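A look at the structure
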Number of protein chains: 2
Amino acid sequence: MNIGEVAERTGLPPKTIRYYEDIGLVKPLRDSNGYRAFRESEMHKLAFLGRARTLGFSIEDCRNLLALWEDSNRASADVRAIAKDHLAQIEAKIRDLQEMRDTLSTLVRDCAGDDRPDCPILKSLGTEFGSERRS
Amino acid sequence: MNIGEVAERTGLPPKTIRYYEDIGLVKPLRDSNGYRAFRESEMHKLAFLGRARTLGFSIEDCRNLLALWEDSNRASADVRAIAKDHLAQIEAKIRDLQEMRDTLSTLVRDCAGDDRPDCPILKSLGTEFGSERRS
DNA sequence: CCTTGACCCTCCAGTGACTGGAAGCCCCAT
DNA sequence: ATGGGGCTTCCAGTCACTGGAGGGTCAAGG
């Protein structure tokens, strides 16, 4: 299977697949003409990686998850630990963004948005934020 | 004012302040010894930038907001447009993360997390996701 | 006067995960 | 043989810093 077909079947761009080879996530064989020759198993690995990435796992997490996936003697606790950790990070990020959203949406709501210069958004950015700052 | 004091008063690391000078966001004077000499106004600009960044505005957004802040003839509509745009991006990001969180938390909930290899998380990553995929 | 330590300077490289582009083979159909 | 698409490698750029090397400057204490 050439890279183009793998790209189509996994939904990953060829560039990304080459990059994943560069960093050692997959090791496709080569045809005599130098083209990468992917086996089915490699295709499945790449699809696995694509799905793990859409769940926001880092490449290093993906590497570890892939190793566990391939290890029939794994303990599900190891997988779960990675996922739980990542989940906590996602939740933290969501909270951060929600804070930004709340502040911003208030400011946007209060801004007239006309041709006058008076603007609560700039006013707020130009002075201390009203409440406490997180350390 | 030396960079250290500015750093302390704005909460921005010295490295970041130097970087902001590099990319032309501030233009401090120099003492005869080569040290940056910040005026109050520069300090305020940097504080403004720090606050805009904590709201997640990109550097380019910050550059534009700063220009509007300095322009007493601005139209608040211009500020509002930038903020609204950014708000929409934040909201999109939140939705993405919430989707990840929902999928992940289900998987984590369903995974025993013991020493056996059976694991719904890996099972899910190894096969198509259950429902539709967004284009 | 000398040393010590805290500051400050510049420049270079690395982060994460790609992405774009140039320059150049390879293969197949016309 | 020519044209177009697919494949290859390598280099550079993205974003917003951050770390570190290697060195100058300043104020205080001995």
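Now for a description of the structure that goes with this document. (Residues numbered from 1 in each chain as written. Chains lettered and ligands numbered in written order. Predicted model: local features only at pLDDT ≥ 70, side-chain atom pairs only at ≥ 80, totals over all residues. Heavy atoms only, no water.)

On a plain count of helices and strands, chain A comes out with 6 helices and 2 strands. Along the chain direction, N to C, the helices and strands of chain A fall in the order α-α-β-β-α-α-α-α. By the compact-globule yardstick of 14 Å for 135 residues, chain A is too spread out, its C-alpha radius of gyration being 23 Å. Its C-alpha atoms give chain A principal-axis dimensions of about 70 × 40 × 20 Å. Expressed as a percentage of its 135 residues, the buried residues of chain A come to 39%. In chain A, the share of contacts with a sequence separation of at least 24, taken over all contacts with a separation of at least 6, comes to 42%. (Helix = DSSP H or I, 4+ residues; strand = E, 2+ residues; numbered from the N terminus. Rg over C-alpha atoms; globule rule 2.2 N^0.38 Å. Buried < 20%, exposed > 50% of the residue type's maximum accessible area, 1.4 Å probe, protein only. Contact = heavy atoms within 4.5 Å.)

Residues and elements named next belong to chain A. Evaluation of the coordinates by the stated rule reveals 4 aromatic pairs over all chains. When the centroid spacing of 4.5 Å and the interplanar angle of 25° are considered together, the rings of Phe48 and Trp69 count as stacked. Remark: Trp69 occurs in helix α4 (residues 59–70) and Phe48 occurs in helix α3 (residues 40–54); sequence separation between them is 21 residues. You can call Trp69 partly exposed: its relative accessible area is 25%. (Phe/Tyr/Trp six-rings, centres within 6.5 Å; stacked < 30°, edge-to-face > 60°.)

The immediate surroundings of DNA strand C are formed by 19 residues, with Lys15, Tyr20 and Arg53 of chain A together with Gly4 and Arg36 of chain B found nearest. A distance of 3.4 Å separates a phosphate oxygen of DNA strand C from a polar backbone atom of Ile59 of chain A. One nitrogen or oxygen atom from the side chain of Tyr35 of chain B is found 3.5 Å from a base oxygen belonging to DNA strand C. Those elements that provide at least two residues to the surface near DNA strand C are α2 (14–22) of chain A together with α1 (3–10) and α2 (14–22) of chain B. For the surface near DNA strand C, the element with the highest residue contribution is α2 of chain A, accounting for 4 residues. (Near = heavy atom within 4 Å. Polar contact = N/O pair within 3.5 Å; in protein donor to acceptor, adjacent residues only side chain to side chain.)

Judged by nonpolar contacts, the single largest core of 75 residues is most densely connected at Leu46, Phe57 and Ile121 of chain A together with Leu46 and Phe57 of chain B. Each residue touching Leu46 of chain A, except ones within four places of it in the same chain, is listed here: Val6, Thr10, Leu12, Ile17, Tyr20, Val26 and Phe38 of chain A. (Core = buried A, V, L, I, M, F, W, Y, C linked by side-chain atoms within 4.5 Å.)

Our focus in this paragraph is the interface of chain A and chain B. Taken together, the contact pairs 52 residues of chain A with 52 residues of chain B. Overall, the association of chain A and chain B removes approximately 4,600 Å² of surface from exposure, summing both partners, and the carbon and sulfur fraction of that is 73%. Where chain A touches chain B, the interface holds 0 salt bridges. Our count for the contact surface shared by chain A and chain B stands at 20 residue pairs in polar contact (both at pLDDT 80 or more). Broken down by secondary-structure element, the contributors of at least two residues to the side of chain A that touches chain B are α3, α4, α5 (76–110) and α6 (120–126) of chain A. (Buried area = accessible area lost by both parts, 1.4 Å probe. Salt bridge = Lys/Arg side-chain N within 4 Å of Asp/Glu carboxyl O.)

Lining the immediate surroundings of DNA strand D are 19 residues, of which Tyr35 and Arg36 of chain A together with Lys15, Tyr20 and Arg53 of chain B lie closest. Between DNA strand D and the protein, one listed contact pairs a base nitrogen with a side-chain N or O atom of Tyr35 of chain A at 2.9 Å. Every element with two or more residues in the surface near DNA strand D is listed here: α1 (3–10) and α2 of chain A together with α2 of chain B. In terms of residues, the surface near DNA strand D owes the most to one element, α2 of chain B, which gives 4 residues. Considered class by class, the residues forming the surface near DNA strand D number 7 nonpolar, 6 polar and 6 charged. (Nonpolar A, V, L, I, M, F, W, Y, C, P; charged D, E, K, R; others polar.)

The subject of this paragraph is the relation of the copies chain A and chain B. Of the transformation superimposing chain A on chain B, the axial component is 0.0 Å and the angular component is 180°, with the fit at an RMSD of 0.1 Å. Those values place the two copies in the arrangement expected of a two-fold rotation axis. The rotation axis passes nearest to the C-alpha of Ile94 of chain A in chain A, at a distance of 3.0 Å. Of the interface residues in chain A, 100% have counterparts in chain B that sit at the interface too, so the contact is made through matching surfaces. (Least-squares fit on C-alpha atoms with pLDDT ≥ 70 in both.)

Residue and element names in this part refer to chain B. Looking at the secondary structure, you find Glu42 in helix α3 (residues 40–54). For Glu42, a relative accessible area of 5% translates into the label buried. Ignoring any residue separated from it by four or fewer positions in sequence, one finds Glu42 in contact with Val26, Lys27, Pro28 and Ala37.

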